[in-house]
Amino acid sequence: QRSKFPFEYMIFSADYESQVLVEYLKSSNQWNNTLFIFASDNGATSKTVPGSATVGSNYPLRGEKSSSFEAAMRVQAFVSGGIVPKPLRGTKNKLISHFVDWYASFCYLADVNSTDAPPNPIPERDQ
């Protein structure tokens, strides 16, 4: 029924493959050192977006992919894994954030300094 229900199939596949990955990480004793992040892409597209092959809806939110409105930016995500501190497991966070805000959290979990410099100098652009 893959072609008849493509979105349902995609959700099923993502769920199934995530389960396979988590089971493997647990069986190979890697889960306790794992940070598993599952996040959505931003908003649906419409015919007004250049290059869009599909049309979707973000109702009741305003906007679409490539816009500055809430529907282009508000997405679901979850974090799991054995490395997540026990007091935070199973909790919800409704704060506004951006994926770049996660860097400091990743550094904290890896026990490294989040204020580090880039590994290589940024090359100057040709004028």
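Residues numbered from 1 in each chain as written. Predicted model: local features only at pLDDT ≥ 70, side-chain atom pairs only at ≥ 80, totals over all residues. Heavy atoms only, no water.

Each helix and strand in the chain was counted, giving 3 helices and 2 strands. When the helices and strands of the chain are read in sequence order from the N terminus, they spell out α-β-α-β-α. Residues classed as buried in the chain amount to 16% of the 127 residues present. Considering only intrachain contacts with a sequence separation of at least 6, the fraction spanning at least 24 residues in the chain is 44%. Within the structure as shown, the chain displays about 11,300 Å² of accessible surface, and the carbon and sulfur contribution to it stands at 56%. (Helix = DSSP H or I, 4+ residues; strand = E, 2+ residues; numbered from the N terminus. Buried < 20%, exposed > 50% of the residue type's maximum accessible area, 1.4 Å probe, protein only. Contact = heavy atoms within 4.5 Å. Areas by Shrake-Rupley, 256 points an atom, 1.4 Å probe, with all protein chains shown as cover.)

The next thing to look at is a nonpolar patch on the surface. A cluster of nonpolar side chains, namely Y9, F12, Y16 and V20, defines an oily patch on the protein surface of about 390 Å² accessible area. Residue F12 is classed as exposed on the basis of its relative accessible area, which comes to 53%. (Patch = residues over 30% accessible without salt bridge, like charges linked within 9 Å, V, L, I, M, F, W, Y side chains within 5 Å. Salt bridge = Lys/Arg side-chain N within 4 Å of Asp/Glu carboxyl O.)

With 22 residues, helix α1 (residues 6-27) extends 31 Å between its outermost C-alpha atoms, agreeing within 8% with the 32 Å of an ideal straight helix rising 1.5 Å per residue. Every buried residue of α1 is accounted for by S18, V22 and L25. Each buried residue of α1 sits inside an arc of 65° when the element is viewed along its axis, so together they form one side. Facing away from the buried side of α1 by more than 90 degrees, the exposed set consists of E8, F12 and S27. Considering only its buried residues, α1 is in contact with β1 (36-39). Once α1 finishes, N29 follows within two positions and takes phi at roughly 55°, a positive value. (Expected span 1.5 Å × (residues − 1). Arc of directions from axis to C-beta.)

With respect to the element layout, N33 can be found in the loop between α1 and β1. Sequence spacing of N33 and I83 is 50 residues, and the spatial spacing of their C-alpha atoms is 5.2 Å.

All right, on to the side chain of T34 then. Within the element layout of this structure, T34 appears in the loop between α1 and β1. Residue T34 is classed as buried on the basis of its relative accessible area, which comes to 12%. Only 2.7 Å separates the side chain of T34 from the backbone oxygen of Q30, close enough to count as a polar contact. Those residues in contact with T34, other than ones at most four positions away along the chain, are L25, S80, G81, G82 and I83. (Polar contact = N/O pair within 3.5 Å; in protein donor to acceptor, adjacent residues only side chain to side chain.)

Right, let's get into the packing of aromatic side chains. A full pass over the atoms with the stated rule returns 4 aromatic pairs. Relative to Y16, the ring of F12 lies with its centre 6.3 Å away and its plane at 15°, an arrangement referred to as stacked. Here F12 and its partner Y16 are both found in helix α1, 4 residues apart, which amounts to about one turn of the helix. Y16 gets classed as partly exposed once you look at its relative accessible area, which sits at 43%. For the pair F36 and F78, a centre-to-centre distance of 6.3 Å together with 35° between the ring planes defines the contact as tilted. Of this pair, F36 sits in strand β1 while F78 sits in strand β2 (residues 77-80), and the two are 42 residues apart along the sequence. Its relative accessible area of 12% is what places F36 among the buried residues. Three or more aromatic residues joined by ring pairs make a cluster, and in this case those are F36, F38 and F78. (Phe/Tyr/Trp six-rings, centres within 6.5 Å; stacked < 30°, edge-to-face > 60°.)

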